[in-house]
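Spelled out from the first residue to the last, the chains are:
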Amino acid sequence: MGVIYVISMISISVYYIYITMIKSAKELYIETLFIPNRKVHYAVVIPCFNEEKVIKETLLSLLRFTTENLTIYVVDDDSADDTLKVITGVSDSRIKLIEKKKPNAQQGKGHSLNVAYRKILQDYRQIDSNQVIVTVLDADGFLCEDAFNIADRIFSHSDIHGIQARVRIINNYKGGNWLTLLQDIEFYEVIGNIQKLRMKTKTVGLGGNGQFTRLSVLKKFEDIPWNDCLLEDYDLTIRLLLNNERIVYTEQLIIYQQGVTSYQRYIKQRSRWIQGSLQCHFYMFRLLKTNSLSKIGKLEMLYFLLQPHYNLINSVILLISIRMLGHSLLEEMTLKSVLTILLMAFITVYPGLTFSKRYIKETRDIETIENSPKIRCYLGGIFMYLYIFLTIPSILLAFARQLVGEKSWIKTKREENV
């Protein structure tokens, strides 16, 4: 009992220190009003595998932009549905279709990105690669209406090499459920604040959706900027940071994407991300030895990479604590047990409520999508800690897959009419 208590107190302390840090993080605004007299070229890459439900609307949303020098590379990964037919049905000279066929297909998202990258190198060989921005979107991604204007201003800083957009779940309310609401609070508020903290530690992470990177820094990796890692975005982040490249995050540039509505699909998606994090563990020694990162930057990245282990241990400890507390309550109700219950309730509810309060405040003026009612958001905040428990099966699945050497890509299915 004593050992469990000590471990749980240490775990709670680490949790609250981290929560306090990310809650207090403020955005370091790095836009500038000065636009140099030079043209930035955007090469948008959209990997597709069985995306017939969403790819048309994504393409149409991009074609509404009046941005000069915009080219859209759609990579079909030998889809089994009508994805290819839907893509070819959208006629525009800015769209370039890249078809992959087996056996050179279905080898993961990183492989598709590298195929598009080689095509981009060929198409932009006469243009300064510092002025070519490779933008990665998922097939369900919708950029905010001023996305490229914001990116123009940020990339006018020559020492900025990459940008990660802020993520919103488009079906957090309409067309969604409680699971999609919790994902929206997680992405928009919790992860958003983590990224703002990373602005201070200079360890901003690129995401799989809404990442902008100069072609010039990708060229340093020759033919394969993206590895076959299941978390190819963070794998690229690590290698860019080891190369002393600067990645930034801004709240102003928003990417909208679907949240998964099925718990089974949620588990599969998260297990892929967690396993990808495990695959990145081999970078840890290089991160410790590099001079490209500060001590606090190294600590932040190591914490992120070790988070699957921490979350698993923390969840097991909390489950054991709940069981032991329940057992003691059945035997005898004491002041100590009541105070323990109140403390656990505070620990589990307070952080989620504070994040949901900020979520309500920061999303109320966004009219692009329909926001959840306040009472629903507060209830979501109350259940945010329980949301962590939903990931336990995905952690176990990720560790099991990693142990047996299973590296196949677990595809996230999309929703229609979201």
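The notes below deal with the structure included here.

If you tally the helices and strands in the chain, you get 15 helices and eight strands. Scored against the burial criterion, the 418 residues of the chain give a buried share of 56%. When contacts within the chain are restricted to residue pairs at least 6 apart in sequence, long-range pairs at least 24 apart make up 83% of them. Counting only carbon and sulfur atoms, one obtains 58% of the accessible surface of the chain, whose full area is about 19,800 Å².

Let us look at helix H6 (residues 178–201). The terminal C-alpha atoms of H6 lie 33 Å apart, and with 24 residues this matches the ideal 34 Å at 1.5 Å per residue to within 8%. In H6, a bend of some 30° at Glu 186 exceeds every other bend along the element. Burial analysis of H6 places 21 of its 24 residues in the buried class, the great majority of the element. For H6, the N-terminal cap is Asn 177; the gap from its side-chain oxygen to the backbone nitrogen of Leu 179 is 3.0 Å.

Pairing is mixed in the open sheet, where eight strands are placed in the order S3-S2-S1-S4-S7-S6-S8-S5. Each having just a single partner strand, strand S3 (95–99) and strand S5 (142–143) make up the two edges of the open sheet. Pairing between strand S2 (residues 70–76) and S3: five bridges, direction parallel. Residue pairing across strands places Val 74 opposite Leu 97, the latter belonging to S3. Contacting strand S1 (41–48), S2, strand S4 (132–136), S5, strand S6 (162–169), strand S7 (211–214) and strand S8 (247–257), helix H5 (residues 147–155) crosses the sheet at an angle of about 170° to S8.

What counts, and where the lines are drawn
- Residues numbered from 1 in each chain as written.
- Predicted model: local features only at pLDDT ≥ 70, side-chain atom pairs only at ≥ 80, totals over all residues.
- Heavy atoms only, no water.
- Helix = DSSP H or I, 4+ residues; strand = E, 2+ residues; numbered from the N terminus.
- Buried < 20%, exposed > 50% of the residue type's maximum accessible area, 1.4 Å probe, protein only.
- Contact = heavy atoms within 4.5 Å.
- Areas by Shrake-Rupley, 256 points an atom, 1.4 Å probe, with all protein chains shown as cover.
- Expected span 1.5 Å × (residues − 1).
- Bend = angle between axes of the 7 residues up to and from the residue.
- Polar contact = N/O pair within 3.5 Å; in protein donor to acceptor, adjacent residues only side chain to side chain.
- Pairing = 2+ DSSP bridges.
- Axes fitted to C-alpha atoms, helices over the stretch in contact; angles between N-to-C directions.

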